2 protein chains.
Amino acid sequence: MNVVVINTGTELLLGSVLNTHLNFIARAIFPLGLRVARQLTVPDGIAIQETLAVSLQEADLVFVTGGLGPTTDDITREATAELLGLSLRRDPGVTASITERLRTRGFPMTDRILRQADVPEGAQVLQNANGTAPGLYIAATDSGTKPRPHVFLLPGPPRELEPMFEESVMAILRRIVPFAGAVDCRTFKITGVGESIVEAAVGQKLLDLGHIELGYCARPGEVDVRLLGPSSRLDEAEEVIRGAFPKSIYTATDESLEEVVVHLLIERKESVATAESCTGGYLAHRLTNVPGASGVFPAGYVTYANEAKTFSLNVDADLIETHGAVSRQVALEMAEGARRSAVVTHALATTGVAGPSGGSARKPLGTVFIALASAGAETVVQRFRFQADRESFKRLATQAALEMLRQRLIAA
Amino acid sequence: MNVVVINTGTELLLGSVLNTHLNFIARAIFPLGLRVARQLTVPDGIAIQETLAVSLQEADLVFVTGGLGPTTDDITREATAELLGLSLRRDPGVTASITERLRTRGFPMTDRILRQADVPEGAQVLQNANGTAPGLYIAATDSGTKPRPHVFLLPGPPRELEPMFEESVMAILRRIVPFAGAVDCRTFKITGVGESIVEAAVGQKLLDLGHIELGYCARPGEVDVRLLGPSSRLDEAEEVIRGAFPKSIYTATDESLEEVVVHLLIERKESVATAESCTGGYLAHRLTNVPGASGVFPAGYVTYANEAKTFSLNVDADLIETHGAVSRQVALEMAEGARRSAVVTHALATTGVAGPSGGSARKPLGTVFIALASAGAETVVQRFRFQADRESFKRLATQAALEMLRQRLIAA
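Predicted, not measured: the structure shown is a model, and the values here were computed from it.

Let us look at the domain arrangement of chain A. Annotation of chain A at the domain level lists domain 1 (3-176), domain 2 (183-251) and domain 3 (257-411). Using only C-alpha atoms to locate each centre, domain 1 of chain A and domain 2 of chain A end up separated by 37 Å.

Below, the structure written as structure tokens:
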């Protein structure tokens, strides 16, 4: 089925409000085998008419959001009825519920408000538990002079649309969407390897399998490889991709790297502490975003100043003097100091030059040393260079740190 | 000028990634008097061709995002060149910068990667400080067989697009957009006060001034009030809003609360330390996102476990036993412990129940105590309750903590 989403709303095009509808609807319909082919945002008012006219020709299923309210530029209902050649009748049930809603709020009734009770003939009313304007569903038809796709008119505010979608729209979709279980989706998250290297290693091989749609999504420090296709074909594709990256795929689910690490620690009854200089608390923040982190992460240190490295982690001040705060030796002592002090299985330490200033010829901007100290193992230190803005630098450095720990956890 | 935004990316239509480009671009171009007339999202690959063909006919200015990368489904550059009848040539400058970028990362060069150095004839290259693929600007022309609008091809990742937009695109727009200076835009960021309270206090008064367009944008822990209109009218509006919220407006620029706090500390030559339980390092992370933070933030502690509160901050173990870790008394000792240990002017401490589990009748989920200890002042502790998901809770709690410190800094 060809699915089109049309969002109406001048506030979306002005940037006053972030459009979250596409994201919400796409996720909601995916399990039914439906994907959005195209999405458009148009201003309030007359623009909906032209856009909707085109979409009614092309699509099998159209979701329109917004423009159902009481103001003069809310014309989605009227424009749709006109394009489909359906007359509007005032629905007594909706009239009663709007009247009651206003009464309890002490607002006066007006003609404009009552327009929201107008329903195109044959349309199904979708209750709005969180607002005045109901949603509307107009079923597809092939007969007559005006064949049409399935059309859903939905309210603009997410707090109204989202519950309505889950409670009413999904039930209708389950009825009208031919079972499309043949298409499956698998996403593999890979860290420590660049997007182009991932594609060079597996891209052609995956496409050669046939009947597979392949997508890449690169974020700082990770690449998602997304495969869509029949399950049997995806099994073969999974073998290819796991064969190429036996250790770098950290999940084939929606988990983040920090979730994977925290869950591995919980499973193994181990713990971790952090000693952060250049990542400034972001590593601790990522770990503590995971519910259950409290059981495996007793303590973290943010030692931005040299003195803090000494008084919190017992790093030798002479060592800092000799090698500099951004050095292999200091990273190592930070990790070992944190591990001793917090009495944990593992400790991760970061020290580097985040920028925008600092850096030298030997330790240019973006240089970072990451150390991992673990019980019963030699402490390892890796040197990286991440040339990026400050926040991306922190993202990349914490990603590398978490991955060092994950590799140790899966190797042991 | 008729402005069209086209976002390419299957991940957007699948709901894997939220589309923030429309929002960003709309806000950025507004001060130039430009508004987006229409926005479309299309999947990776061939769909861009048809959509772009239509937009090139209708628009005066087209922004295309995504599809400039090295993989086979990245075809925005080639599709645009073909539609505009422009040949591609490999740009030596871009080739050199891609080569250098790969070299510093130790990645091998491939033909696919080098495609990113292909530039349509006459296009201007927009440097990408945060990624491989440069942006491209193709100026409008009325002459010849192929008249065309202004076209910007921009990278998909927001961390690449946004700096490029601010650094390169805006300068070009200022040159090509007919001056529309009649409209000014001012945004006031308010924290510690809810959106509906802000609206009740100033909404009608601002609208009564006339010729002003008023917008609110609420994010966790803050509300933006955005005013559009002639400068003289905005001066009056500014008086209204500053009169209503003399202390809660933390900026009338684009600064974040953490930037305001770090800059106040720098100005006053003071310093801060953090002692975090429930916010798990996020407070330190926010502070260290601000360039220059190293001068005012020597150290932070993440004391998730009770023992860590004792060994890192010297909180009395009996006190924790008696009052619980989530208590006024423990927050106070954490802040004072951090201040003593890090030898700073101020220390902020957080202890609370972030959820999803935990909480009790007396200290329900979302309860948090925030303490501020300062040199020469009595330590204050405030109790809050933020009922939200784990990450929003951390956002709200750190927002409240930063605001406590800001209030102290502006009062002193």
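Let us keep going from here.
Below, the discussion takes up the nonpolar core. Residues A:Ala335, A:Ala347, A:Ala371, B:Ala335, B:Ala347, B:Ile370 and B:Ala371 are the most contacted members of the largest nonpolar core, which totals 117 residues. The contacts of B:Ala371, once residues within four sequence positions are left out, are B:Ala331, B:Leu332, B:Met334, B:Ala335, B:Ala349, B:Thr379, B:Val380 and B:Val381. Ranked by size, the runner-up nonpolar core spans 88 residues in total, among them A:Ile25, A:Phe152, B:Val36 and B:Leu52.

The next subject is the interface of chain A and chain B. Facing the 64 residues of chain A at the interface are 68 residues of chain B. Looking at the side of chain A that touches chain B, its residues break down into 31 nonpolar, 23 polar and 10 charged. The sheet contact formed by strand S2 (residues 36-42) of chain A and strand S2 (residues 36-42) of chain B spans 3 bridges and is antiparallel. Each residue of the ladder has a partner; that of A:Leu40, found in S2(B), is B:Leu40.

Residues and elements named next belong to chain B. Inspection of the secondary structure puts Pro149 in the loop between strand S7 (135-138) and strand S8 (150-154). The class for Pro149 is buried, based on 21 C-beta atoms found within 10 Å. Spatially, the C-alpha atom of Pro149 lies 4.7 Å from that of Asp60, the residues being 89 residues apart in sequence. Ignoring anything within four residues of it in the chain, the contact list for Pro149 reads Leu56, Ala59, Asp60, Leu61, Val62 and Ala140.

Right, let's get into the confidence of the model for chain A. The pLDDT averaged across chain A works out to 91; a share of 99% of its residues lies at or above 70. Confidence estimates for the predicted assembly give a pTM of 0.74 and an ipTM of 0.73.

All names here are of chain A. Pairing within the open sheet is antiparallel, and its 4 strands lie in the order S10-S11-S9-S12. Where the open sheet ends on each side, the last strands, each with one partner, are strand S10 (213-219) and strand S12 (249-251). Each strand of the sheet is rotated relative to its neighbour by a mean of 30°, with strand direction disregarded. Most of the contacts of helix H9 (residues 231-244) go to strand S11 (residues 222-230), to which it runs at about 150°, and overall it touches strand S9 (183-191), S11 and S12.

The next subject is the sheet that holds strand S1 (residues 3-8) of chain B. Taken in spatial order, the 12 strands of this open sheet run S6(A)-S7(A)-S8(A)-S3(A)-S1(A)-S2(A)-S2(B)-S1(B)-S3(B)-S8(B)-S7(B)-S6(B), and their pairing is mixed. Whereas interior strands pair on both sides, the edge strands pair on one side only; in this sheet they are strand S6 (124-126) of chain A together with strand S6 (124-126) of chain B. Here the average twist between neighbouring strands, direction ignored, is 15°. Strands in contact with helix H4 (residues 76-84) of chain A are strand S1 (3-8), strand S3 (61-65), strand S7 (135-138) and strand S8 (150-154) of chain A; relative to S8(A), the strand with the most contacts, it is inclined by about 165°. The sheet strands contacting helix H2 (residues 21-29) of chain B are S2 of chain A together with S1, S2 and strand S3 (61-65) of chain B, and the helix crosses S1(B) at an angle near 150°.

With that settled, the discussion passes to the environment of A:Val177. All names here are of chain A. Position of Val177 among the secondary structure elements: in the loop between helix H7 (158-176) and S9. In the structure, Val177 is positioned 226 residues away from Glu403 in sequence and 42 Å away in space, judged by C-alpha atoms. If near-sequence neighbours (up to four positions away) are discounted, Val177 is found in contact with Met1, Leu32, Gly33 and Leu34.

Residues and elements named next belong to chain A. Between helix H2 (residues 21-29) and H7, the least distance of the axes is 11 Å, while the angle of their chain directions is 25°. One finds that H2 runs roughly parallel with respect to H7. Considering only the axes of H2 and H7, their crossing is right-handed. Judged by residue contacts, His21, Phe24, Ala28 and Ile29 of H2 engage Pro158, Leu161, Glu162, Phe165, Met170 and Leu173 from H7. Grouping the amino acids of the contact of H2 with H7 by side-chain chemistry returns 8 nonpolar, 1 polar and 1 charged.

Residue and element names in this part refer to chain A. Relative to S7, S6 is paired through 3 bridges, and the arrangement is antiparallel. Paired with Val125 across the bridge in S7 is Leu136. Of the pairings in the sheet, the one linking S7 to S8 comprises 3 bridges and is antiparallel in character. Across the sheet, Ile138 pairs through a bridge with Val151, a residue of S8.

Calculation rules
- Residues numbered from 1 in each chain as written.
- Chains lettered and ligands numbered in written order.
- Predicted model: local features only at pLDDT ≥ 70, side-chain atom pairs only at ≥ 80, totals over all residues.
- Domains from an automatic or database assignment.
- Core = buried A, V, L, I, M, F, W, Y, C linked by C-beta atoms within 7 Å.
- Buried ≥ 20, exposed ≤ 12 C-beta atoms within 10 Å, placed from the backbone.
- Contact = placed C-beta atoms within 7 Å.
- Nonpolar A, V, L, I, M, F, W, Y, C, P; charged D, E, K, R; others polar.
- Pairing = 2+ DSSP bridges.
- Helix = DSSP H or I, 4+ residues; strand = E, 2+ residues; numbered from the N terminus.
- pLDDT = per-residue confidence, 0-100.
- Axes fitted to C-alpha atoms, helices over the stretch in contact; angles between N-to-C directions.
- Parallel < 35°, antiparallel > 145°, perpendicular 65-115°, else oblique.
- Left-handed = near helix turned anticlockwise from the far one by under 90°.

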